[in-house]
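# Close look at the chain arrangement
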Amino acid sequence: MGAHSRKCDWCGSGTPIVRDMEPVNAEFQYWCEECARALIIKGDPIETYRELDGEPIYGRLLDEHCTLKRFYSFATA
């Protein structure tokens, strides 16, 4: 199933923008922009991720909303 045909694993309705490459729970790998923003604001951002559709949306969300000085990894392969 391609990224365009799937929905956010959390809310079940949004279009995923990011995939968690090391999820704690394998049922929650794909996140829409709103749910991903909520994770960051809650203080539980995705640390190893892959942006979907080639757009750095999640990276911008981290820049805008993340105050933690942690290391994040953009998965390239």
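Here goes a summary of the coordinates provided.

## Brief notes about the packing of aromatic side chains
Taken as a whole and judged by the stated rule, the model has four aromatic pairs. For the ring pair Trp10 and Phe28, a centre distance of 5.2 Å and an interplane angle of 55° mean the geometry is tilted. Here Phe28 lies in the loop between strand E1 (16–20) and strand E2 (30–32) and Trp10 lies in the segment before E1, a separation of 18 residues in the sequence. Using a relative accessible area of 24% as the deciding quantity, one classes Phe28 as partly exposed.

## Regarding the pairing of E1
Where burial is concerned, most of E1 is hidden: four out of the five residues are buried. Two strands pair when backbone bridges link them, and E1 and E2 are joined in this way by three bridges, in the antiparallel orientation. Bridged to Arg19 within E2 is Tyr30. As paired elements, E1 and strand E3 (residues 48–51) share three bridges and run antiparallel to each other. Bridge pairing in E3 places Arg19 opposite Arg50.

## Points about the pattern of salt bridges
Enumeration according to the criterion identifies three salt bridges in this entry. Asp9 is paired through a salt bridge with Arg6; the nearest N and O atoms lie 3.1 Å apart. Two residues, Glu34 and Arg37, come together in a salt bridge whose shortest N-O distance is 2.8 Å. Note that Glu34 and Arg37 are positioned in helix H1 (residues 33–42) at a spacing of three residues, about one turn of the helix.

Analysis parameters
Residues numbered from 1 in each chain as written. Predicted model: local features only at pLDDT ≥ 70, side-chain atom pairs only at ≥ 80, totals over all residues. Heavy atoms only, no water. Phe/Tyr/Trp six-rings, centres within 6.5 Å; stacked < 30°, edge-to-face > 60°. Helix = DSSP H or I, 4+ residues; strand = E, 2+ residues; numbered from the N terminus. Buried < 20%, exposed > 50% of the residue type's maximum accessible area, 1.4 Å probe, protein only. Pairing = 2+ DSSP bridges. Salt bridge = Lys/Arg side-chain N within 4 Å of Asp/Glu carboxyl O.

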